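What follows is the residue order along each chain.
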Amino acid sequence: MTSEQWTFDEWNNILIEKYQNLYNTVNNLIPELWVPLEFALSIKTILNIKNCTLPFAGILLGPPSSLKTVIVELFKRWKNVYYTDSFTARTFVTHYSGIKEEQLKKIDMLPKIKDRLFLCSELSPTFMKKEDELNEIIAILTRILDGQGLWSDSDPCGQRGYEGEYMFTWVGCAVDIPYRAHKLMASIGPKLYFLRLPRTNKTEEELIATLDKDDFISKVSKIRTALLDYLGWFDRCPISEIDAQEQPVIRQNNLIKIQWDNEKDDKYAKRIIARIGLLLAHLRGVVPTWETRGTQGLDYAYATARIEDPQRAVTQLRNLARGHALMQGRNWITIEDLPLPIKVVLSTASIDRTNIFRLLIAGDGKLTTTRIMKSLNTTAPTALRIMAELKAVELVDMEEPEYETEQKEITLKQEFDWFLTDEFKELQEGFEPSDNSEFVKAFCKKFDISFKEKTPPSITPGVYICYECKKVNHGTPVYQTNSKHDYEIHIQKHPQGTALCYPNKADLERHSWEPQGKEWET
């Protein structure tokens with residue numbers, strides 16, 4: 001049977017059968033593999049949405065030997081894949097002296113991943129680079145994830161790059177993302193999305209049973225066969241040959257492109273996508289905090305939070321839902337496409353904030369310091385810092401206790417009350433994102449990597465630094481003294497309005513001054 005011998009509806013019916021066969025195969029052989037496979041398959045299918053030109057990067061997070069790299073191996077044989085075990089930021093557009101432009105184009109990775117599923121089996125070392133290297137990597141990834149190419153300059157080659165639409169999707173694997181990397185990505189512009197694999201707590205008997213069977217490789221092989229059978233049929237979608245741009249299905253750069261039916265999208269499902277996108281924007285907002293122990297209040301102060309515009313997150317979460325729908329033969333979104341984006345939202349924010357958000361839901365929107373410490377097995381300073389962050393990113397309200405010894409309590413803001421409903425809990429499907437930070441710490445200890453925060457600043461008592469001078473000089477102090485008298489004289493030399501010796505929190509926000517951890521900054 002050739003592609004001209006069946007209709008779109010006939011193709012669609014068989015696609016659903018092959019999808020169900022894939023699901024049954026995975027569920028019977030390695031059921032814990034389905035959630036990451038569903039994630040990867042949804043990301044791959046974003047490539048097949050006509051007029052979707054915004055790249056999507058999804059990274060599986062899980063402890064060693066947690067099946068995440070099996071997902072990469074399963075897709076390697078699909079025709080529209082570019083695979084690598086590792087890369088550097090500069091491999092997208094290369095700059096090598098002595099090599100002709102024609103040869104450089106053959107080396108550049110950006111053209112190789114265009115219109116393909118980009119697979120990378122191990123990204124953990126990438127996110128654990130030194131700060132300068134990590135800054136460069138994330139800056140370049142942020143640019144190529146705009147889907148508009150990349151230009152860069154160097155001494156050997158001058159300016160090189162590519163412009164135009166460079167659509168691709170990306171599935172990678174890592175153990176976990178350090179908090180420092182989360183803050184950096186959020187400050188530059190967060191464009192990576194994550195799925196934390198739930199931990200499988202097998203009993204001793206179950207582990208012994210797997211030893212007796214010794215059939216893991218054969219199981220993976222059967223799943224791969226079912227997956228490739230499904231992917232092969234998807235690519236045989238019947239195509240209209242006349243006036244291709246006006247047809248619902250076209251072939252573009254060796255990819256099936258299917259027109260989306262926006263009118264059939266479930267309106268309430270789109271509203272929920274907007275809600276979870278807004279939640280994600282608040283959960284991964286950037287806010288500098290510093291300790292103020294010994295003063296009244298939370299024991300932590302904070303500067304103005306940088307909360308992203310949620311529009312891009314909403315768009316990408318909708319694209320993920322669209323990929324999930326299309327892989328089942330639907331070109332419209334329904335409620336059943338929402339559990340996956342919800343799992344991604346709960347995985348994409350830092351695990352500390354996500355855990356406390358889940359505790360807030362379990363506590364009907366209220367949470368005390370003691371409850372956080374007991375539930376997460378953490379210290380009071382860590383609990384207080386995260387409470388301060390959630391208040392700063394406008395996710396919770398907090399009333400200061402009348403007495404310093406009283407419990408501090410946060411309350412989920414009213415606009416997020418939907419997340420306390422049974423509907424959200426049902427869509428969450430009992431998902432619990434795993435915390436793999438202990439593996440990151442072990443890796444850092446082994447290779448002597450320090451994640452010590454450079455902010456908030458630690459200022460030696462009795463040292464006075466001019467806020468305005470530091471701002472003008474991009475963070476580097478240009479006036480510093482141990483003399484309070486000299487400091488006050490220096491400050492008066494500044495123009496009226498910026499001549500503030502002891503600015504409070506509101507003054508810092510108004511002038512965009514960097515906090516120094518002083519007692520008057522509350």
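Each remark here, short or long, concerns the structure printed above.
These lines cover the structure that appears in this document, whether it is placed above or below. (Residues numbered from 1 in each chain as written. Predicted model: local features only at pLDDT ≥ 70, side-chain atom pairs only at ≥ 80, totals over all residues. Heavy atoms only, no water.)

A cluster of nonpolar side chains, namely Tyr96, Ile99 and Ile107, defines an oily patch on the protein surface of about 240 Å² accessible area. If you trace the backbone, tyrosine 96 turns up in the loop between strand E2 (81-84) and helix H4 (101-107). When its relative accessible area of 41% is taken as the criterion, tyrosine 96 is described as partly exposed. (Patch = residues over 30% accessible without salt bridge, like charges linked within 9 Å, V, L, I, M, F, W, Y side chains within 5 Å. Areas by Shrake-Rupley, 256 points an atom, 1.4 Å probe, with all protein chains shown as cover. Salt bridge = Lys/Arg side-chain N within 4 Å of Asp/Glu carboxyl O. Helix = DSSP H or I, 4+ residues; strand = E, 2+ residues; numbered from the N terminus. Buried < 20%, exposed > 50% of the residue type's maximum accessible area, 1.4 Å probe, protein only.)

Counting across every chain of the model gives 19 salt bridges. Between aspartate 235 and lysine 79 there is a salt bridge; the shortest N-O distance is 3.9 Å. Placement of aspartate 235 in the loop between helix H10 (216-234) and strand E8 (249-252) and of lysine 79 in the loop between helix H3 (68-75) and E2 is noted, with a sequence separation of 156 residues between them. Its salt-bridge partner being lysine 191, residue aspartate 146 comes within 2.4 Å of it at the nearest N-O pair. Taken as a pair, aspartate 146 in the loop between helix H7 (131-144) and strand E4 (149-154) and lysine 191 in the loop between helix H8 (179-188) and strand E7 (192-196) lie far apart in primary sequence, 45 residues in all. Classification of aspartate 146 as partly exposed rests on a relative accessible area of 25%. With relative accessibility at 13%, the residue lysine 191 sits in the buried group. One continuous salt-bridge network, built from bridges that share partners, spans Arg143, Asp146, Lys191 and Arg312.

In this section: the sheet that holds strand E6 (residues 169-174). Strands belonging to one sheet form pairs held by backbone hydrogen bonds; the direction of such a pair is parallel or antiparallel. One open sheet accounts for five strands, arranged E2-E3-E6-E1-E7; its pairing is parallel. Edge positions in the sheet fall to E2 and E7, since each has one partner strand and no second. Between one strand and the next, the sheet's axes are offset by a mean angle of 20°, whatever the strand orientation. (Pairing = 2+ DSSP bridges. Axes fitted to C-alpha atoms, helices over the stretch in contact; angles between N-to-C directions.)

Another aspect to go through is the side chain of asparagine 319. Positionally, asparagine 319 belongs in helix H12 (residues 311-326). When sequence neighbours within four positions are dropped, the list of residues in contact with asparagine 319 reads Ile46, Ile49 and Cys52. (Contact = heavy atoms within 4.5 Å.)

What follows covers a negative patch on the surface. Together, Asp364, Glu394, Glu415 and Asp417 line one region of the surface with negative charge. Within the element layout of this structure, aspartate 364 appears in the loop between helix H14 (351-362) and strand E12 (366-368). Classification of aspartate 364 by relative accessible area gives exposed; the value is 58%. (Lys, Arg positive; Asp, Glu negative; His and termini not counted. Charge placed at Lys NZ, Arg CZ, Asp CG, Glu CD.)

The next subject is the packing of aromatic side chains. Inspection of every chain in the model, using the stated rule, returns 21 aromatic pairs. Consider the rings of tryptophan 6 and tryptophan 233, whose centres lie 4.9 Å apart with planes at 35°: the pair is tilted. Note that tryptophan 6 is positioned in the segment before helix H1 (8-29) and tryptophan 233 in helix H10, a separation of 227 residues in sequence. For tryptophan 6, a relative accessible area of 6% gives the class buried. On the accessibility criterion, tryptophan 233 (8% relative accessible area) is buried. Among the aromatic side chains, those forming a connected cluster through ring pairs are Phe8, Trp11, Tyr19, Tyr23, Trp34, Tyr230 and Phe234. Against the face of tyrosine 166 rests lysine 114, its NZ or CZ located 4.7 Å from the ring centre. The residue whose ring lies beneath lysine 264 is tryptophan 332, and the NZ or CZ to ring-centre distance is 3.6 Å. (Phe/Tyr/Trp six-rings, centres within 6.5 Å; stacked < 30°, edge-to-face > 60°. Lys NZ or Arg CZ within 6 Å of the ring centre and 35° of its normal.)

The topology assignment puts threonine 84 in strand E2. Its relative accessible area of 13% is what places threonine 84 among the buried residues. Within the structure, threonine 84 has its side chain in polar contact with the backbone oxygen of serine 86 (distance 2.8 Å). (Polar contact = N/O pair within 3.5 Å; in protein donor to acceptor, adjacent residues only side chain to side chain.)

Right, let's talk about the sheet that holds E12 for a bit. The strand order E12-E14-E13 describes an open sheet built from three strands, whose pairing is antiparallel. Whereas interior strands pair on both sides, the edge strands pair on one side only; in this sheet they are E12 and strand E13 (396-399). Taken pair by pair, the neighbouring strands of this sheet meet at an average axis angle of 25°, ignoring direction. Its contacts with the sheet put helix H16 (residues 380-392) on E12, E13 and strand E14 (409-412), and the angle it makes with E13 is roughly 115°.

Here the focus is the packing of H3 against H10. The contact between H3 and H10 brings their axes to 9 Å, and the two run at 50°. With respect to H10, the element H3 is oriented oblique. At the point where H3 passes H10, the crossing takes the right-handed sense. Residues Val70, Glu73, Leu74 and Phe75 of H3 lie in contact with H10, whose contacting residues are Phe216, Val220, Ile223, Arg224, Leu227 and Leu231. Per-class residue counts for the contact of H3 with H10 are eight nonpolar, no polar and two charged. (Parallel < 35°, antiparallel > 145°, perpendicular 65-115°, else oblique. Left-handed = near helix turned anticlockwise from the far one by under 90°. Nonpolar A, V, L, I, M, F, W, Y, C, P; charged D, E, K, R; others polar.)

All right, on to the pairing of strand E1 (residues 56-61) then. Of all six residues in E1, six are buried, a share of seventy percent or more. Residues of E1 alternate between two faces, with Phe56, Gly58 and Leu60 on one and Ala57, Ile59 and Leu61 on the opposite face, all of them buried. Sheet topology places E1 next to E7; five bridges connect them, and they run parallel. Paired with leucine 60 across the bridge in E7 is leucine 195.

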